Structure formats: C-alpha cells, structure tokens
Amino acid sequence: ELKQDISWDKICRVMMTNKMIAIYTGRMYAFVIPLSELGDDKGKIITAIVQFTMEYKPHLSRNLKEYQSGKGI
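For every chain, the first residue of the written sequence is number 1, and numbering continues from 1 along that sequence. Selection of residues for local features in this predicted model requires a pLDDT of at least 70, selection of side-chain atom pairs for listing and counting requires 80 or more, and totals for whole chains, interfaces and linings are taken over all residues. The basis for every side-chain value is the complete set of non-hydrogen atoms in the structure, without hydrogens or water.

**Student:** Can you walk me through the packing of aromatic side chains in this structure?
**Tutor:** The way to describe two aromatic rings as a pair is by their centre distance and the angle between their planes. For this analysis, a ring pair means two rings from Phe, Tyr or Trp (six-membered ring only for Trp) whose centres lie within 6.5 Å, classed as stacked if their planes differ by under 30 degrees, edge-to-face if by over 60, and tilted for the remaining angles. In the structure shown here, the tally under the stated rule is 1 aromatic pair. For the pair Trp 8 and Phe 52, a centre-to-centre distance of 5.1 Å together with 50 degrees between the ring planes defines the contact as tilted. Of this pair, Trp 8 sits in the segment before β1 (13–16) while Phe 52 sits in helix α1 (residues 42–53); the two residues are 44 residues apart in sequence, bridging distant segments of the chain. Note on Trp 8: relative accessible area 35%, which makes it partly exposed. Each helix is a run of H or I in the DSSP string that is no shorter than four residues. Each strand is a run of E no shorter than two, and both are numbered from the N terminus. Classification of residues uses two cut-offs on accessible area relative to the type maximum, computed with a 1.4 Å probe and protein chains only: under 20% is buried, over 50% is exposed, and between them is partly exposed.

**Student:** Please clarify how a nonpolar patch on the surface should be interpreted in this entry.
**Tutor:** Side chains of Trp 8, Phe 52 and Tyr 56 sit close together on the surface and give an oily, nonpolar patch of about 310 Å² of accessible area. Considering the arrangement of structural elements, one finds Tyr 56 in the loop between α1 and β4 (59–60). For patch building, the residue pool is restricted to those with more than 30% relative accessible area and no salt bridge; the joining distance is 9 Å between like charges and 5 Å between nonpolar side chains (Val, Leu, Ile, Met, Phe, Trp, Tyr). Areas reported as accessible are Shrake-Rupley estimates using a 1.4 Å probe. Residue values count occlusion only from the protein chains shown. Note on definitions: salt bridges are taken to be side-chain nitrogens of Lys or Arg within 4 Å of carboxyl oxygens of Asp or Glu.

**Student:** Please clarify how the environment of Leu 35 should be interpreted in this entry.
**Tutor:** Locating Leu 35 in the fold gives a position in the loop between β3 (30–34) and α1. Placed 25 residues apart in sequence, Leu 35 and Leu 60 show a C-alpha to C-alpha distance of 17 Å.

**Student:** Quick question: what am I supposed to make of the sheet that holds β1 here?
**Tutor:** The strands making up a sheet are joined through hydrogen bonds of the backbone, oriented either antiparallel or parallel. Taken in spatial order, the 4 strands of this open sheet run β3-β2-β1-β4, and their pairing is mixed. The sheet terminates laterally at β3 and β4, the two strands that pair on one side only. Any two strands with at least two DSSP bridges between them are considered paired. Sheet topology note: the β1/strand β2 (residues 20–24) ladder contains 4 bridges and is antiparallel. By the bridge assignment for β2, Met 16 is matched with Ile 21. Throughout, a contact is declared for two residues whenever any of their heavy atoms are within 4.5 Å. Comment: axis = line fitted to C-alpha atoms, over the contacting stretch for helices; angle = value between 0 and 180 degrees taken between N-to-C directions. Of the strands in this sheet, β1, β2 and β4 touch α1, which is tilted by about 20 degrees from β2.

Shown next as structure tokens:
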C-alpha cells in the first residue's frame, strides 16, 4: 500500500458521481475513492472533505453543495 499526505490547500477540485468521489490536486492528478468503500460514514466523510476545503475555494460539483452546510450527514 502507498500513503501520501496532501495539505487541504492543495485540493483544487472535488467531484462526485453516483459511484465515486474524485479529489483533484492538479489538472490531471486526482485521488479516486469508490463511494462503496466509505461505508456507513459516507455522508460524514464527504461533509468533512467539503468543509475542510471550503476555505481554499476548490471547484465543487453541484451535487456536493448540500454538504457545505453539513446537511449531507
């Protein structure tokens, strides 16, 4: 397994589809996480990602807007 630490300010885009969430750190580089791997805490994890990155104003896909206020939990 590989491990890489990325600071929150390096995240420039967060995109979510029905099956995955992609966290972009550049135009061509992203961490892709299957939503099925997030388990029962999916809402909490996505909310944390969105709220921790809000300060740095990344581009969010429309379906992530509800997580900005914590309503997605």
